[in-house]
Every structure is written in structure tokens, then in C-alpha cells.
Amino acid sequence: MAVTGILGIKLGMTRIFAEDGAAVPCTVVQAGPCVVVQRRNKQKDGYDAVQLGLVEFVKPQRISKPMAGHFKKADLAPMRVLREIRLEESNDEAKVGDRILVDGFAPGELVDVTGVSKGKGFAGGVKRWHYRGGDETHGSMFHRAPGGIGASSFPSRVWPGQHFPGHMGFERVTIKNLRVVKIDNEENLLLVRGAVPGPQGCYLLIRKSKRGK
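These numbers were taken from a predicted model, which means no experiment stands behind them.

Caption draft 1: Structural detail: the overall build of the protein chain. Along the protein chain, the regular secondary structure elements total two helices and twelve strands. When its helices and strands are written in sequence order, the protein chain yields β-β-β-β-α-β-β-β-β-α-β-β-β-β. Taken against the 2.2 N^0.38 rule, which gives 17 Å for 213 residues, the C-alpha radius of gyration of the protein chain at 23 Å runs more than 25% over that of a compact globule. In the protein chain, buried positions account for 37% of the 213 residues. Restricting to contacts in the protein chain with at least 6 residues of sequence separation, those with at least 24 account for 71%. When the accessible surface of the protein chain is summed, it comes to about 13,700 Å², and 51% of that surface belongs to carbon and sulfur atoms. Mean positive and mean negative side-chain charge positions of the protein chain (33 and 21 charges, respectively) differ by 9 Å.

Pasting the structure below:
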């Protein structure tokens with residue numbers, strides 16, 4: 001099966017010791033089990049993909065009627081999180097009801113992890129965009145303010161995308177080329193080297209890296 005991704009839940013961080021005694025920082029992810037909820041193909045949808053659902057308990061009243069019908073059509077229990085993953089081969093044999101487990105990954109290979117970063121609330125330019133700020137000396141009266149933004153007689157307006165204070169974090173972020181350190185098939189655990197986006201308990205999409213070296 002050529003499904004190259006899986007859904008998971010971030011459990012937290014830990015460290016393991018390599019054979020040479022080096023401490024390796026790792027993020028522990030509860031990866032799967034997942035189920036194929038829908039299969040898309042070029043003839044009907046214009047592209048090849050599978051819709052994966054993370055298997056976890058969801059109260060029936062939490063599911064809308066359209067989504068309840070969607071799961072009933074696939075003869076599957078309701079799920080909270082669904083994500084689509086493109087398929088490279090149109091003749092892939094993945095079908096509705098197939099289980100996607102963590103054993104599809106192997107220690108040493110590279111993965112891309114996508115999640116929603118931690119929300120920081122409203123933040124100023126120094127914290128959000130790393131502005132240098134002004135002098136901290138007595139009487140300066142310019143410490144953490146944005147300062148000039150370069151719009152004088154020309155262009156007499158603010159450039160689109162100008163860095164300003166505002167809502168920081170809570171954005172979709174992808175960390176590429178993280179190395180898989182360890183796999184636990186019995187507990188459906190996936191350990192990757194380094195940090196991944198989001199707080200503990202957030203949902204993640206783990207895909208095999210396409211450009212990793």
C-alpha cells in the first residue's frame with residue numbers, strides 16, 4: 001500500500017540515548033491507528049487520494065448529520081479528525097476500510113510533520129517579528145514601539161504584508177526532514193528527532209519526506 005502518511009496526537013517530548021551514549025531529543029506521537037474513510041480517483045474527482053480518519057472515541061452527538069451520513073456510507077464509526085493524502089500511483093490498491101498503522105514507517109527515514117503552532121495571543125513587533133527596539137537608556141522614550149515603517153512621500157501607503165503587532169501563532173506549520181528515531185508497533189508510538197508544531201495533545205499529520213536527503 002502506497003499511503004505515505006498517518007495521523008497522530010502529540011504526547012510530549014522525551015529523550016533516548018543512542019548507542020554511542022548521545023542524548024537524542026525526541027517528540028512522542030501517538031500515530032494511528034487510522035482508517036481509509038474515502039477513496040478519490042482521477043476518473044471521478046480528478047486526482048488520486050485517500051481520506052484518512054484517526055480512530056478514537058467520539059460522542060455521536062458531536063457529529064453533524066452530513067458527517068454521520070458520510071461515515072455510515074463507509075460503514076465506519078464516527079471520527080473526529082479527517083485528512084486527505086495524495087497518492088503517487090493511480091493504480092494503488094488502497095480502499096475504504098483499510099487500516100493504516102505506524103509500521104509503515106521505519107527508523108532512520110525522514111518525515112514531514114504538519115500541525116497548528118501554539119497560539120501566543122496578541123504580540124508586539126519585538127516578540128512577533130524580532131524588532132530590535134530602541135535604546136533602553138533613561139529618557140529614550142522609544143523601547144519596544146514599531147517605529148518608522150518606510151512609508152513617506154513615496155509610496156504614501158503601507159506595503160501589503162508589513163510586519164506589525166498582531167495575533168501570533170496558531171498557524172499551520174510544517175517541519176520538514178525530521179528523522180524517525182524509534183517505532184513502537186504495539187503502542188502505536190512514533191518517535192521523531194526534534195520538536196514538532198503545536199501543544200501537547202494536538203493533532204498532527206506525518207508524511208514521508210519527498211525531498212529529504
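That covers the picture; the talk isn't over yet.
Caption draft 2: How the structure looks around the environment of A2. Here A2 shows up in the segment before β1 (5-17). Here the alpha-carbon distance between A2 and L87, two residues 85 residues apart in the chain, equals 7.0 Å.

Caption draft 3: Just the sheet that holds strand β10 (residues 172-184), in detail. A barrel is described by the order of its strands in space; here six strands give the closed sequence β1-β2-β11-β10-β7-β12, paired in antiparallel fashion. Across the sheet, the mean angle from the axis of one strand to that of its neighbour is 50 degrees, orientation sign disregarded. In the sheet, strand β7 (residues 110-116) pairs with strand β12 (residues 203-208) via four bridges, with the strands oriented antiparallel. Among the inter-strand pairings, V111 is bridged to a residue of β12, identified as K208.

Caption draft 4: Broad picture of the sheet that holds strand β3 (residues 34-40). Here we have four strands laid out as an open sheet, ordered β5-β4-β3-β6, and antiparallel in their pairing. Pairing within the sheet leaves two strands with one partner each, and these edge strands are β5 (82-86) and β6 (99-100). Direction of pairing for β3 relative to β6: antiparallel, over a ladder of two bridges. Bridging across to β6, C34 finds its partner in I100.

Caption draft 5: Region of the structure containing the environment of H167. Position of H167 among the secondary structure elements: in strand β9 (residues 166-169). For H167, a relative accessible area of 48% gives the class partly exposed. A C-alpha to C-alpha distance of 6.2 Å links H167 and A123, two positions 44 residues apart in sequence.

Caption draft 6: Main features of the pairing of β1. Sheet analysis places β1 next to β12, joined by five bridges and oriented antiparallel. In the strand pairing of β12, G8 is matched with L204. The pairing of β1 with strand β2 (residues 23-31) spans nine bridges and is antiparallel. By the bridge assignment for β2, M13 is matched with T27. Linkage of β1 to β2, two consecutive antiparallel strands, is achieved through a turn of five residues, within which G21 is found at a positive phi near 90 degrees.

Caption draft 7: Focus on the side chain of R40. By secondary structure assignment, the location of R40 is in strand β3. Of the residues examined, R40 reaches a relative accessible area of 19% and is grouped as buried. There is a polar contact of 3.4 Å between the side chain of R40 and the side chain of Q38. Among the polar contacts made by the side chain of R40, one reaches the side chain of E84 at a distance of 2.3 Å.

Caption draft 8: Spotlight on the nonpolar core. Core analysis: the largest hydrophobic core is formed by 30 residues, its most contacted members being V50, L52, V111, L190 and I206. Those elements giving two or more residues to this core turn out to be β1, β2, β3, β4 (49-54), β7, β10, β11 (189-193) and β12. When sequence neighbours within four positions are dropped, the list of residues in contact with L190 reads T27, V28, V29, A31, V102, F105, V180, K182, I183 and I206. In terms of nonpolar packing, the next biggest core, distinct from the first, is built from six residues, V37, F71, A74 and L82 among them.

Caption draft 9: Spotlight on unusual backbone geometry. In this structure, P155 follows F154 across a cis peptide bond, with omega equal to 5 degrees. Backbone geometry places D75, a non-glycine residue, at a positive phi of 60 degrees. Of note in this structure, S156 is not a glycine but carries a positive phi near 60 degrees. Within the secondary structure, S156 is located in the loop between α2 (125-129) and β9.

The rules behind these values
- Residues numbered from 1 in each chain as written.
- Predicted model: local features only at pLDDT ≥ 70, side-chain atom pairs only at ≥ 80, totals over all residues.
- Heavy atoms only, no water.
- Helix = DSSP H or I, 4+ residues; strand = E, 2+ residues; numbered from the N terminus.
- Rg over C-alpha atoms; globule rule 2.2 N^0.38 Å.
- Buried < 20%, exposed > 50% of the residue type's maximum accessible area, 1.4 Å probe, protein only.
- Contact = heavy atoms within 4.5 Å.
- Areas by Shrake-Rupley, 256 points an atom, 1.4 Å probe, with all protein chains shown as cover.
- Lys, Arg positive; Asp, Glu negative; His and termini not counted.
- Charge placed at Lys NZ, Arg CZ, Asp CG, Glu CD.
- Pairing = 2+ DSSP bridges.
- Axes fitted to C-alpha atoms, helices over the stretch in contact; angles between N-to-C directions.
- Polar contact = N/O pair within 3.5 Å; in protein donor to acceptor, adjacent residues only side chain to side chain.
- Core = buried A, V, L, I, M, F, W, Y, C linked by side-chain atoms within 4.5 Å.

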